[in-house]
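# Observations on chain architecture
Chain by chain, the residues:
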Amino acid sequence: MKTIHVQYFAILREQRGLTQEKIATTAATAADFYAELRARHNFTLAPEHLRVAVNEEFAPWTTPLREGDSLVFIPPVAGG
Amino acid sequence: MKTIHVQYFAILREQRGLTQEKIATTAATAADFYAELRARHNFTLAPEHLRVAVNEEFAPWTTPLREGDSLVFIPPVAGG
Amino acid sequence: MFRLSAQPLDPAQLAHLLHDPRAGACVTFEGWVRNRNEGQAVQALDYEAYAPLAEREGERILAEVRAKLPVLEATCVHRVGSLALGDLAVWVGVTAEHRGAAFDACRMIIDEVKARVPIWKKEHYTSGTTAWINCATRGPAADLSSPPK
Amino acid sequence: MFRLSAQPLDPAQLAHLLHDPRAGACVTFEGWVRNRNEGQAVQALDYEAYAPLAEREGERILAEVRAKLPVLEATCVHRVGSLALGDLAVWVGVTAEHRGAAFDACRMIIDEVKARVPIWKKEHYTSGTTAWINCATRGPAADLSSPPK
């Protein structure tokens, strides 16, 4: 069991109804963790449309989670 | 014999030492007229490096001269 | 320099930062909030950013462009928050000795910023609906995420 | 609109003329007097134009670009007279719904203006010599036309 800090932005923030939370999880990787959250909160975006950031840096979905990691799931961007 | 109004710009103005003049000439075309002026004033620019404007519009070198025409010989441009 | 701004952008002030006696060319791009997008009448929009990563990714883009092209200065500032029609959403300014590099760099920066920097745009339509751009799912799901107000 | 100006150009004021609720992109080009050209240290320069034809040819360029690309507004103003280092020599501004057309049009305008509009530039070098750009003849003739002062 690890405690992970998640921040939500844009459509994920609206779908979750929160800007951030701490979650205890047994998920091994960032991908497993998103699958868990998506099932729980009915996020509409499939993981292939997202990127993930671990500790404020883009990271592979296969990144193993460590205690205290900070995660952000990045919906398709639309600056400009 | 026709009277032609000539305006000089840039390097031609400096080489002629005048901004404009009226010239009586027997030259038949714009090309003949430049050849006449070039010989008289030692203009350094060959006609292939110039364009000519007749009555405020670009024109072919073969344009016949008419009484009262206004001519400008256009050195290579360098705006911007 | 890449940065996010919650305050309105002042192009004249931003351009001042680019002055350089070696510069012969300055190309700027301004992205404005326009009144239509893909056939829908837009009323306003919100930009939201994941600031620490957005700023880092923005700086990386500027560094990449500087490594590829002979530019003197390159700056990008992106608004966050609520914007009205006609507001300036993003400003990019590039100086170079010659115009070719300034045009190419300016375009590369805005293209990369739009593709890579974690900034999101929510459009508010005059119809009362909203949409997170590029996040629409097919069919009714898009409406579930943005009910008419 | 294409025009010549004997007065300093104000980019902020010029950009204001381009505002349009349909515009999503505004690209500007500024040509500045830089301190070197082809290895020579520049001190100042003069621009001279054949005004009636310059304005007509400039308007033709803008019309051609508007016929080729989906732009909303396109403006170019060129300085004439004596300019100092860092002064703004030419300003081009283009708005369009989308950035691709704005970038392409802005670049096409400045390229064509430099190639076709009867405006001439005389550079004054710190060495005391001068040159009419693009008018140099080979060897000593160039010096005859611009003796050291």
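Anything mentioned here points back to the structure above.
Only a predicted model underlies this, so the values are computations on that prediction, with no experimental measurement involved.

## Focus: the packing of aromatic side chains
Aromatic ring pairs are described here by two measures, namely the spacing of the ring centres and the angle between the planes. Residue and element names in this part refer to chain A. Counted according to the given criterion, the structure contains 18 aromatic pairs over all chains. Arranged with centres 5.9 Å apart and planes meeting at 55°, the rings of Tyr-34 and Trp-61 form a pair that is tilted. With Tyr-34 in helix H2 (residues 30-41) and Trp-61 in the loop between strand S4 (57-59) and strand S5 (70-74), this pair connects stretches of sequence that are 27 residues apart. Owing to a relative accessible area of 1%, Tyr-34 belongs among the buried residues under this scheme. We classify Trp-61 as partly exposed; its relative accessible area is 21%. Among the aromatic side chains, those forming a connected cluster through ring pairs are Tyr-8, Phe-33, Tyr-34, Phe-43, Trp-61 and Phe-73. Over the face of the ring belonging to Phe-58 we find Arg-51, whose NZ or CZ atom lies 3.7 Å from the ring centre.

## Remarks on helix H3 (residues 99-116) of chain C
Taking 1.5 Å as the rise per residue, H3(C) with 18 residues should run 26 Å; its terminal C-alpha atoms sit 26 Å apart, in good agreement. Taken together, the buried positions of H3(C) are occupied by C:Ala101, C:Ala102, C:Phe103, C:Ala105, C:Cys106, C:Ile109, C:Ile110, C:Val113 and C:Arg116.

## Looking at the packing of helix H2 (residues 51-68) of chain C against H3(C)
Residues and elements named next belong to chain C. For the pair H2 and H3, interaxial distance at closest approach is 10 Å and the crossing angle is 150°. Relative to H3, H2 is oriented roughly antiparallel. For the pair H2 and H3, the sense of crossing is right-handed. Of the residues in H3, those touching H2 at Glu-57, Arg-60, Ile-61, Leu-62, Glu-64, Val-65 and Lys-68 are Ala-105, Met-108, Ile-109, Glu-112, Val-113 and Arg-116.

## Focus: the interface of chain C and chain D
At the junction of the two partners, chain C supplies 32 residues and chain D supplies 32 residues. Between chain C and chain D, a total of about 2700 Å² is buried, with carbon and sulfur atoms accounting for 56% of that surface. Linking chain C with chain D are 6 salt bridges. The partner of D:Arg99 in a salt bridge is C:Asp111, and the shortest N-O contact between them spans 2.8 Å. Our enumeration of links across chain C and chain D arrives at 11 residue pairs in polar contact (both at pLDDT 80 or more). Counting residues per element, the ones that place at least two in the side of chain C that touches chain D are strand S2 (25-32) and H3 of chain C. Residues belonging to the side of chain C that touches chain D are distributed by class as follows: 13 nonpolar, 9 polar and 10 charged. Sheet analysis places S2(C) next to strand S2 (residues 25-32) of chain D, joined by 7 bridges and oriented antiparallel.

## Things to note about the arrangement of the chains
Contacts are most numerous between chains C and D, considering all 3 pairs of chains that are in contact. At the C-alpha level, the nearest point of chain A lies 29 Å from chain B, with no contact between them. There is a clear gap between chain A and chain D: no contact, and 9 Å between their nearest C-alpha atoms.

## Some thoughts on the sheet that holds strand S1 (residues 2-7) of chain B
All names here are of chain B. One open sheet accounts for 5 strands, arranged S2-S1-S5-S3-S4; its pairing is mixed. Among the strands making up the open sheet, the edge pair consists of strand S2 (20-25) and strand S4 (57-59). Adjacent strand axes in the sheet meet at a mean angle of 35° when their direction is disregarded. Pairing between strand S3 (residues 51-54) and strand S5 (residues 70-74): 4 bridges, direction antiparallel. From the neighbouring strand, Val-54 faces S5, where its bridge partner is Leu-71.

Rules used in this analysis
- Residues numbered from 1 in each chain as written.
- Chains lettered and ligands numbered in written order.
- Predicted model: local features only at pLDDT ≥ 70, side-chain atom pairs only at ≥ 80, totals over all residues.
- Heavy atoms only, no water.
- Phe/Tyr/Trp six-rings, centres within 6.5 Å; stacked < 30°, edge-to-face > 60°.
- Helix = DSSP H or I, 4+ residues; strand = E, 2+ residues; numbered from the N terminus.
- Buried < 20%, exposed > 50% of the residue type's maximum accessible area, 1.4 Å probe, protein only.
- Lys NZ or Arg CZ within 6 Å of the ring centre and 35° of its normal.
- Expected span 1.5 Å × (residues − 1).
- Axes fitted to C-alpha atoms, helices over the stretch in contact; angles between N-to-C directions.
- Parallel < 35°, antiparallel > 145°, perpendicular 65-115°, else oblique.
- Left-handed = near helix turned anticlockwise from the far one by under 90°.
- Contact = heavy atoms within 4.5 Å.
- Buried area = accessible area lost by both parts, 1.4 Å probe.
- Salt bridge = Lys/Arg side-chain N within 4 Å of Asp/Glu carboxyl O.
- Polar contact = N/O pair within 3.5 Å; in protein donor to acceptor, adjacent residues only side chain to side chain.
- Nonpolar A, V, L, I, M, F, W, Y, C, P; charged D, E, K, R; others polar.
- Pairing = 2+ DSSP bridges.

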